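# A structural walkthrough
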Amino acid sequence: MTGVQVGVGRGWHLGTALLGVLGTTLLFALFGRLEARWLALGWVAMVPWLAALDRARSAREALGLGVLLSVTFTAAVFHWFPGALQAYSRAPTAVGWALFLLVAPLLQLQFPAVALARYAARRLAREGQGWLPPLVGTLAYVGVEGVTPKLFADTLGHGLYASEWLRQGADVAGAPGLTLVLLLGNECVLAAFRAWRGHGARAAWKPVAGLATLVFVLSGYGAFRHAQVREATRAEGGLVVGAVQANITRYEKLKAEMGAYEVVRMVLDTHYAMSDVLLRDGPVDLLVWPETVYPTPFGAPRSETGAALDAEIAGYVSERGVPLVFGTYDLEGEREFNAAMFLGPSARGDGGLERAAYRKTMLFPLTEWVPDAIDTPTLREWLPWTGRWKRGPGPRAVSFTLRDGRQLQVAPLICYETIFPEYVAQGVRQGAELLLTLSNDSWFTGTPAPRLHLMHAAFRSIETRRPQVRVTNSGVTALIDSTGAVVAEVDDNQRAGLTMRVPETAALTTLALAWGDWLSPWALVSAVVGLAGAVLARRRARS
């Protein structure tokens, strides 16, 4: 009879633990849609898992709950990625899923780290130190997430983008700062629930008041900063940018069907025609085409045909008298770079053209770039889609002349680079007035990825308080203002030209811009110090 009771007890314990993981996973799946109707779920999403974690009977069990959540979280929130990988690489979708879930604990290492840190703090906490496990766990989450390489640079704070006021808090410590507030809010909800169950509704007022304070302070700060940015923005004037989203994708497939020259010919003719429409509609200060729209080196032709196409693009810019930024390749000896080319009339007024190239540095691993340490013929044979780009020298501000003679400094970004806050901040610190992003999101068309990528870009504008022009080949092309709002856009899988009027905004300073990612290392050190202090206190109590 005792054995039956023990078996039932273990089964019940396992069942409630799995329900905790499932509950948090489902809440994250909804919250991760970045829609206003699911915004409130961010304040409670962690509660089921945290409740299950606090019932863990061993470090091994706690670690298991952390690893399991990392896998289910990855599958639920990024379910679109294996399919996109299959579209890019032609590898079986099942292989993509297997690899993706296998590395999930590394991609979401914060969950196993929190599980172990919280369990250790729970074992070390003394009478009256019920606050220690929640605090150490929260700090460990933010700290570990900040120092762990992440494929998508995701964090829970991104879910607050749907709130115009709440997202403004990212100018203090980036999206990780919003994550910290969300985690503390979840701890307040869990504490309120436990107090209510144990001692009645009156006992829950303190944690409820704590949650209300977090929401009130974050909202109040956001409203204040939002008003500041609006006040610093002029309603008239500014920069007029013409963006072309031609929605021509799958170059390799088109090349196989039409031939390489015919594809380049079609791409250029389409962009010339769409640009001319924008120029006829009104004065444009700058034309922008997306990443790798000209899929061959510009300025270093490999053939007479290539030289003729280079001259054709230069002639187009010279005849229209409007500077052009477009995605192409750049060469240095045998080294090839994914680049943004700046081509425009000379500031000297002599009829010549000025040219400057920005080389992409942050390359997507195993598709655009392979680290030299593992770049072998065997790897290339196993993964034939791997790219051969070289990494650029890093962020920089590029200055060029507009059609009216004004000088503009921009921080160029190419695709994947927009997910790295510190990288973007370094370009702005060099004097950039505008973030200019060229991207190719065509492999993710029809998935949530283009919108997620747009959200990342919007956070960079909040953190730096710089407007952003984002031009993609298939969507989402957009103008983002300094509050992170998408002012104008061309949606995914659409062909359209877009005239963007970038308003003049007085330069505003932010802590996120000045200090970079200061929160994550501080949180990690604080978590370690908190645990070490608890260990020392326990030893003193025993001696």
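The present account deals with the structure reproduced in this document. Here the structure is a predicted model, which means the values were calculated and not measured. (Residues numbered from 1 in each chain as written. Predicted model: local features only at pLDDT ≥ 70, side-chain atom pairs only at ≥ 80, totals over all residues. Heavy atoms only, no water.)

### A closer look at the pairing of strand E8 (residues 434-439)
Here is the rule: Buried means the residue's accessible area, taken with a 1.4 Å probe over protein chains only, is under 20% of the maximum for its type, while exposed means over 50%, and partly exposed covers the values in between. Helix and strand definitions here come from DSSP, where helices need a minimum of 4 consecutive H or I residues and strands a minimum of 2 consecutive E residues; each element is numbered from the N-terminal end. Here the term right-handed applies to a crossover when the path leading from its first strand over the helix to its second strand runs clockwise, the strands being oriented away from the viewer.
Counting buried positions along E8 yields six of six residues, so the element is predominantly enclosed. Along E8, one buried face is formed by Leu434, Leu436 and Leu438 and the opposite face, lined by Leu435, Thr437 and Ser439, is buried too. Taken together, strand E7 (residues 407-414), helix H15 (residues 421-429) and E8 form a β-α-β motif whose crossover is right-handed. Regarding the hand of the β-α-β motif, the stretch spanning E8, helix H16 (residues 449-464) and strand E9 (residues 468-472) is right-handed.

### Details of the packing of helix H11 (residues 251-258) against helix H12 (residues 260-281)
The criterion, for reference: Angles here are taken between N-to-C directions and fall from 0 to 180 degrees, while the axes themselves are lines fitted to C-alpha atoms, restricted in helices to the stretch in contact. Any angle from 65 to 115 degrees is called roughly perpendicular, while one under 35 is roughly parallel, one over 145 is roughly antiparallel, and all others are oblique. Should the near helix be turned anticlockwise from the far one by less than a right angle, the crossing is termed left-handed; should it be turned clockwise, right-handed. The contact criterion used is simple: two residues touch if any of their non-hydrogen atoms lie within 4.5 Å.
For the pair H11 and H12, interaxial distance at closest approach is 7 Å and the crossing angle is 120°. With respect to their mutual orientation, H11 and H12 come out oblique. For H11 against H12, the interelement crossing comes out right-handed. Taken together, the residues of H12 that come into contact with H11 (itself represented by Tyr251, Leu254, Lys255 and Met258) are Ala260, Glu262, Val263, Met266 and Val267.

### Let's talk about the environment of Trp80
Of note, Trp80 is situated in the loop between helix H3 (59-77) and helix H4 (81-89). Under the relative-accessibility criterion, Trp80 is labelled buried at 7%. For the pair formed by Trp80 and Lys360, sequence separation is 280 residues and the distance between their alpha carbons is 25 Å.

### So, the sheet that holds strand E5 (residues 353-359)
Heads up, the condition is: Two strands form a pair only when DSSP identifies at least two bridges running between them.
On the basis of which strands lie adjacent, the open sheet formed by six strands has the order E5-E4-E3-E2-E1-E12 and mixed pairing. Two strands bound the open sheet, and with one partner strand each, they are E5 and strand E12 (496-502). Along the sheet, successive strands turn relative to each other by an average axial angle of 35°, direction set aside. Here strand E1 (residues 239-245) runs beside strand E2 (residues 286-288); their pairing, made up of three bridges, is parallel. Bridge assignment links Gly242 to a residue of E2, and that residue is Leu287. Sitting on the sheet, H12 is in contact with E1, E2 and E12, with an inclination near 150° to E1. Lying over the sheet, helix H13 (residues 304-320) contacts E2, strand E3 (324-332), strand E4 (335-345) and E5, oriented at roughly 25° with respect to E4.

### Some thoughts on the sheet that holds strand E10 (residues 477-480)
In spatial order, the strands read E6-E7-E8-E9-E10-E11; together these six strands make up an open sheet with mixed pairing. Each edge of the sheet is formed by a strand with only one pairing partner; in this case those strands are strand E6 (398-401) and strand E11 (486-490). Ignoring which end each strand starts from, the neighbouring axes of this sheet average 20° apart. Where E9 meets E10, three bridges bridge the pair, whose relative direction is antiparallel. In the sheet register, Gln468 faces E10, and the bridge partner there is Ile480. On the sheet, H16 packs against E8, E9, E10 and E11 and is oriented at approximately 160° with respect to E9.

### Concerning the pattern of salt bridges
Definition in use: Salt bridges, as used here, are contacts in which a Lys or Arg side-chain nitrogen is within 4 Å of a carboxyl oxygen on Asp or Glu.
Taken as a whole and judged by the stated rule, the model has 26 salt bridges. Residue Asp154 is joined to Lys150 by a salt bridge in which the shortest nitrogen-to-oxygen separation is 3.2 Å. Residues Asp154 and Lys150 agree in their burial class; the two are buried. Here Arg234 makes a salt bridge to Glu504, at a shortest N to O gap of 3.0 Å. Taken together, the residues span a long stretch of sequence, with Arg234 in the loop between helix H10 (205-232) and E1 and Glu504 in the loop between E12 and helix H17 (511-515) at a distance of 270 residues.

### So, unusual backbone geometry
Cis rather than trans, the peptide bond between Gly475 and Val476 has omega equal to 10°. As for its position among the elements, Val476 is in the loop between E9 and E10. One non-glycine residue, Cys415, lies in the positive phi region at around 50°. Within the secondary structure, Cys415 sits in the loop between E7 and H15.

### Side note on the environment of Gln468
Test applied: Polar contacts, as counted here, are pairs of nitrogen or oxygen atoms within 3.5 Å of one another; within protein the pair requires one atom able to donate a hydrogen and one able to accept it, and residues that are adjacent in sequence qualify only if both atoms are side-chain atoms.
With respect to the helices and strands, Gln468 occurs in strand E9. Among the residues examined, Gln468 registers a relative accessible area of 0% and is labelled buried. With residues near it in sequence (within four places) discarded, Gln468 still touches Thr418, Leu434, Leu435, Thr437, Ala457, Ala458, Arg460, Ser461, Ala478, Leu479 and Ile480. For Gln468, the side chain forms a polar contact with the side chain of Thr437, separated by 2.9 Å.

### Things to note about the environment of Leu287
Relative to the helices and strands, Leu287 resides in strand E2. When neighbours within four sequence positions are excluded, Leu287 is seen to be in contact with Gly242, Ser275, Leu278, Leu279, Tyr316, Val322, Pro323, Leu324 and Val325.

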